[in-house]
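# Residue-level structural notes
The residues making up each chain are set out below.
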Amino acid sequence: STGAVFLYDSTSYEEINKLEASDGVSGDEFGCALSLLTSSRGTPILLVGARYTADNGLVSGSAYVYRNWNEEVKLLASDGARGDHFGEAVALNEIESNLIAVIGAHYDDDAGLSSGSAYIFLSQDDGISWTQVQKIAASDASSGDNFGIACAAYGNYILIGAPSKDVHDITNSI
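The structure reproduced in this document is the subject of the present report. (Residues numbered from 1 in each chain as written. Predicted model: local features only at pLDDT ≥ 70, side-chain atom pairs only at ≥ 80, totals over all residues. Heavy atoms only, no water.)

Turning our attention to the state of the cysteines. As used here, a disulfide is simply a covalent bond connecting the sulfur atoms of two cysteines. If you walk through the whole model with that rule in mind, you get zero disulfides. Cysteine cysteine 32 is unpaired, with the sulfur of cysteine 151 as its nearest cysteine sulfur at 11 Å. Residue class for cysteine 32 comes out partly exposed when judged on its relative accessible area of 28%. Judged by its relative accessible area of 15%, cysteine 151 is buried. (Disulfide = S-S within 2.5 Å. Buried < 20%, exposed > 50% of the residue type's maximum accessible area, 1.4 Å probe, protein only.)

Below, the discussion takes up the environment of tryptophan 69. Note that tryptophan 69 resides in the loop between β5 (62-67) and β6 (70-75). Using a relative accessible area of 26% as the deciding quantity, one classes tryptophan 69 as partly exposed. Separated by 65 residues in the primary sequence, tryptophan 69 and alanine 4 have C-alpha atoms spaced 13 Å apart. (Helix = DSSP H or I, 4+ residues; strand = E, 2+ residues; numbered from the N terminus.)

On to the pairing of β6. The pairing of β5 with β6 spans five bridges and is classified as antiparallel. Looking at the pairing, valine 65 lines up with valine 73 of β6. Remark: two residues form the turn of the hairpin made by β5 and β6, two consecutive strands paired antiparallel; asparagine 68 in that turn has positive phi of roughly 50°. (Pairing = 2+ DSSP bridges.)

What follows concerns the nonpolar core. Grouped together as the largest cluster of nonpolar side chains are 18 residues, with contacts concentrated most on Leu47, Leu75, Phe86, Leu92, Ile103, Phe121 and Trp130. Where this core is concerned, the elements lending two or more residues are β3 (30-38), β4 (44-50), β5, β7 (89-95), β8 (98-105) and β9 (117-123). At four residues, the largest contribution of residues to this core is made by β8. Excluding anything up to four places from it in sequence, leucine 75 contacts Leu47, Ser62, Ala63, Val65, Phe86, Ile103, Phe121 and Trp130. (Core = buried A, V, L, I, M, F, W, Y, C linked by side-chain atoms within 4.5 Å. Contact = heavy atoms within 4.5 Å.)

Spatially, the four strands line up as an open sheet ordered β7-β8-β9-β10, and their pairing is antiparallel. Unpaired on one side and paired on the other, β7 and β10 (131-136) mark the two borders of the sheet. Here the strands of the sheet are splayed against their neighbours by 20° on average, with no regard to which way each runs. For β7 and β8, the ladder comprises seven bridges, and the chain directions are antiparallel. By the bridge assignment, glutamate 94 is partnered in β8 with leucine 99. (Axes fitted to C-alpha atoms, helices over the stretch in contact; angles between N-to-C directions.)

Moving on to the packing of aromatic side chains. A full pass over the atoms with the stated rule returns four aromatic pairs. Relative to tyrosine 119, the ring of phenylalanine 86 lies with its centre 5.3 Å away and its plane at 75°, an arrangement referred to as edge-to-face. Of this pair, phenylalanine 86 sits in the loop between β6 and β7 while tyrosine 119 sits in strand β9, and the two are 33 residues apart along the sequence. We classify tyrosine 119 as buried; its relative accessible area is 0%. Considering the side-chain rings of phenylalanine 86 and phenylalanine 121, the 6.2 Å spacing of their centres and the 65° angle between planes classify their relative orientation as edge-to-face. In this pair, phenylalanine 86 is assigned in the loop between β6 and β7 and phenylalanine 121 in strand β9, connecting sequence segments 35 residues apart. (Phe/Tyr/Trp six-rings, centres within 6.5 Å; stacked < 30°, edge-to-face > 60°.)

Pairing is antiparallel in the open sheet, where four strands are placed in the order β3-β4-β5-β6. For this open sheet the edge positions go to β3 and β6, each flanked by a neighbour on one side alone. With strand direction ignored, the average angle separating the axes of adjacent strands in the sheet is 25°.

A full pass over the atoms with the stated rule returns twelve salt bridges. Salt-bridge contacts for arginine 51 lead to glutamate 88; the nearest nitrogen and oxygen are separated by 3.0 Å. Taken as a pair, arginine 51 in the loop between β4 and β5 and glutamate 88 in the loop between β6 and β7 lie far apart in primary sequence, 37 residues in all. Judged by relative accessible area, which is 18%, arginine 51 ranks as buried. Of the charged contacts, one joins lysine 165 and aspartate 145 as a salt bridge, the two residues approaching to 3.3 Å between their closest N and O atoms. Highlighted residues: lysine 165 in the segment after β12 (157-161) and aspartate 145 in the loop between β10 and β11 (150-154), separated in sequence by 20 residues. Overall, the relative accessible area of 23% leaves lysine 165 in the partly exposed class. Connected through shared salt-bridge partners, Asp79, Asp108, Asp110 and Lys135 make up one network. (Salt bridge = Lys/Arg side-chain N within 4 Å of Asp/Glu carboxyl O.)

As far as function goes, none of this settles anything; it's purely spatial.
Quick look at the structure:
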């Protein structure tokens, strides 16, 4: 299955819409992560993760931006690679009329196998066009951290989860 996102009315619980990627193929897992906000201009902006798309190699991943429930753009990591799972976690925020998208790629291998990373995209035109402005990783990144498996954004903050980070290095203390 390609995946889908279902939109429901929050009072009647009736299905209003079904969103699917325009280029979806079987196994993409479109809809594995969602983030929604209403921009300061009143536009609903939805960010949808599709962790198994293959634009940059098998299961490299992608994320789709929807404005007013219409697909606007597909976002890809500038250095995406096979197995990164870009889009498994997504977050949206708005700061001073600029939209910020945070997209995790917890299997990115820049600092070792599955060390992980997160990509920051910026839109200055209410979600019509997006530019990757930063790629971030933990300052002490190492293999197996899975940095980017969870993302959140609030105010001036971006939060990235790394649930496999071995803070106390228990494995080496035995």
